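# Structural characterization, general
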Amino acid sequence: MNERTADELRPLEIHPGFTEMAAGSALICAGRTRVLCTASVQEGVPPFLRDSGRGWLTAEYAMLPGSTPQRKARDGVKRDGRGVEIGRLIGRSLRAACDLSRLGERTITIDCDVLQADGGTRTAAVTGGFVALCLAVQKLLDAKKIVDSPVVRQVAAVSVGIVNGAPTLDLDYALDSHADADMNVVMTREGGKMAYAEIQGTGEGRPYGREELTALLDLAQEGVSALMAAQIAALGEAAAVIGKKPVLALATGNFGKVKELRALLGDRFDVRSMREMGVETDVEETGETFEENAILKADALRRAAGCAALADDSGLVVDALGGRPGVYSARYAGVHGDDEANNRLLLKELENVPEPRTARYAAAVALCRPGREPMVAFGTCEGEILREYRGEGGFGYDPLFYSDDLHMTLAEASPEAKNGISHRARAVRKLLQMLEAENA
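My aim in this report is to walk through the structure given alongside it, one point at a time. (Residues numbered from 1 in each chain as written. Predicted model: local features only at pLDDT ≥ 70, side-chain atom pairs only at ≥ 80, totals over all residues. Heavy atoms only, no water.)

### Overview of a negative patch on the surface
On the surface, a cluster of negative charge is contributed by Asp7, Glu8, Asp218 and Glu222. Within the element layout of this structure, Glu8 appears in the segment before β1 (12-16). (Patch = residues over 30% accessible without salt bridge, like charges linked within 9 Å, V, L, I, M, F, W, Y side chains within 5 Å. Areas by Shrake-Rupley, 256 points an atom, 1.4 Å probe, with all protein chains shown as cover. Salt bridge = Lys/Arg side-chain N within 4 Å of Asp/Glu carboxyl O. Lys, Arg positive; Asp, Glu negative; His and termini not counted. Charge placed at Lys NZ, Arg CZ, Asp CG, Glu CD. Helix = DSSP H or I, 4+ residues; strand = E, 2+ residues; numbered from the N terminus.)

What follows is the structure, encoded as structure tokens:
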């Protein structure tokens, strides 16, 4: 006799770390259904992902011989078709929780073995498989094999159905066997927002209407929310791998630039300097454009740090000089970083050029992420070159650069005012807009 109410989950237990050999494991018990989920990690990916920088996640499902009253034959050379279909569902569901570009070229295999079946084995496998996945990811992070967690959102699954005319949650075999309709619902949660990853619904006894469908989906969401709370409780500290900010290494040792970029990017990334990452890169800037040099520096840092990296390349573009000094701004006079020599040469070359001697600071900001194409944004700060120095602040060409936005030289402006209209800040804001569009 079933003593549950129609909107109540079966008694649930999740035992993390149930086995010791796998990278991650969990035994999930939903009523009398018991599924052992293990996560194994292997270096390398399938052929279609080789040299892509991206990882892979796959799943296999099997019912063991003693899982049902009548012995279930073991899978042989020809695997059970139902088991293959459910394995694919589990794999799709768990991949929906991941950004596999953060895994590197590794494969995680989730094995779900049904020890005892009493309905809802596939949904239990998704829910328990997620716990095993998180534990395996925590192990990879602890071993410093990866820098970022690939688990960007939570996922769990539950069954619902229409039994005796009423929407019913978490069907066991007795309920499922005489349900008019049944449905498996896989949902994700990211930043508190729930979404559907997969819905499998069938009108077994009769078709069902839109109102019944809505009632089933609402009931499923309530059940999934409860399952997700149980996952978090089972994971304990390892739950921190879910939705963890990706690390972003900055290709600069300039503290002011790090502070500025951290303020602009901190909500989306865990921003760190090269020193904080414990890496150094020395890249020869051989590009002919700001964009090319920014990508060169960001990609070198990405490879050294093993995570997303951001670099910029910037300089002064003077119209009367055909765009010079451009990418050679820091070494315009021959010695890298000799501001005084660079300014003297600039004044000399513009000596006979009448006002307005229009120019702009330009910056390209490049974001390089494992397994993804580089993303580049460009920003400018318009102005003109004066004939004499004004102001004591800033650096580089700032004492000679009169800003159209601020109506003063950048050397006269406060750091806050300068950063507000800077070419770099504008490029970063464009980059953030590109990231928002990518995730829309």
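### Here we look at the nonpolar core
Membership of the largest hydrophobic core comes to 46 residues, with the highest contact counts inside it found for Ile90, Ile110, Phe130 and Leu133. Here this core takes 13 residues from helix α2 (residues 121-142), the largest share from any one element. Beyond its immediate stretch of four places on either side in the chain, Ile110 contacts Thr38, Ala39, Leu57, Thr58, Ala59, Glu60, Leu94, Gly129 and Leu133. The next biggest cluster of nonpolar side chains, apart from the first, holds 18 residues, and it includes Ala181, Ala220, Val224 and Leu227. (Core = buried A, V, L, I, M, F, W, Y, C linked by side-chain atoms within 4.5 Å. Buried < 20%, exposed > 50% of the residue type's maximum accessible area, 1.4 Å probe, protein only. Contact = heavy atoms within 4.5 Å.)

### With respect to the sheet that holds strand β3 (residues 33-43)
The strands that make up a sheet pair up through hydrogen bonds in the backbone, lying either parallel or antiparallel. The mixed open sheet is built from 5 strands, whose spatial order is β1-β2-β3-β5-β4. If you trace the sheet from one side to the other, it starts and ends with β1 and β4 (56-63), each paired once. Each strand of the sheet is rotated relative to its neighbour by a mean of 15°, with strand direction disregarded. Across 7 bridges, strand β2 (residues 24-30) lies against β3 in antiparallel orientation. For Ser25, the partnering residue across the bridge sits in β3 and is Thr38. Each of β1, β2, β3, β4 and β5 (106-116) is contacted by α2, which is oriented at about 35° to β3, the strand it contacts most. (Pairing = 2+ DSSP bridges. Axes fitted to C-alpha atoms, helices over the stretch in contact; angles between N-to-C directions.)

### Some details on the sheet that holds strand β9 (residues 193-202)
What the 4 strands build is an open sheet, ordered β7-β6-β8-β9; its pairing is antiparallel. The outermost strands of the open sheet, each flanked by one partner alone, are β7 (166-169) and β9. Taken pair by pair, the neighbouring strands of this sheet meet at an average axis angle of 25°, ignoring direction. Relative to strand β8 (residues 181-190), strand β6 (residues 154-163) is paired through 9 bridges, and the arrangement is antiparallel. In the sheet register, Gly161 faces β8, and the bridge partner there is Asp182. Strands β6, β8 and β9 of the sheet are contacted by helix α1 (residues 81-95), whose axis makes an angle of about 165° with β9.

### What to know about the packing of α2 against helix α4 (residues 210-235)
Relative orientation and spacing of two packed helices are given, respectively, by the angle between their axes and the distance between those axes. Interaxial distance between α2 and α4 falls to 10 Å at its minimum, and their mutual angle equals 30°. Put simply, α2 runs roughly parallel to α4. As α2 runs across α4, the sense of the crossing is right-handed. Along the contact surface, α2 presents Thr127, Phe130, Val131, Cys134 and Leu135, while α4 presents Leu227, Gln231 and Leu235. Residue classes in the contact of α2 with α4 are distributed as 6 nonpolar, 2 polar and no charged. (Parallel < 35°, antiparallel > 145°, perpendicular 65-115°, else oblique. Left-handed = near helix turned anticlockwise from the far one by under 90°. Nonpolar A, V, L, I, M, F, W, Y, C, P; charged D, E, K, R; others polar.)

### Let's talk about the pairing of strand β12 (residues 308-318)
Residues in a regular strand point their side chains to alternate faces of the sheet. The buried fraction of β12 amounts to 10 of the 11 residues, a majority that puts the element mostly inside the structure. Pairing geometry for strand β10 (residues 247-250) and β12, over 3 bridges, is parallel. When the bridges of β12 are listed, Ala249 appears paired with Ala309. Across 10 bridges, β12 lies against strand β13 (residues 358-368) in antiparallel orientation. Considered in β13, the bridge of Ala309 is made with Cys368.

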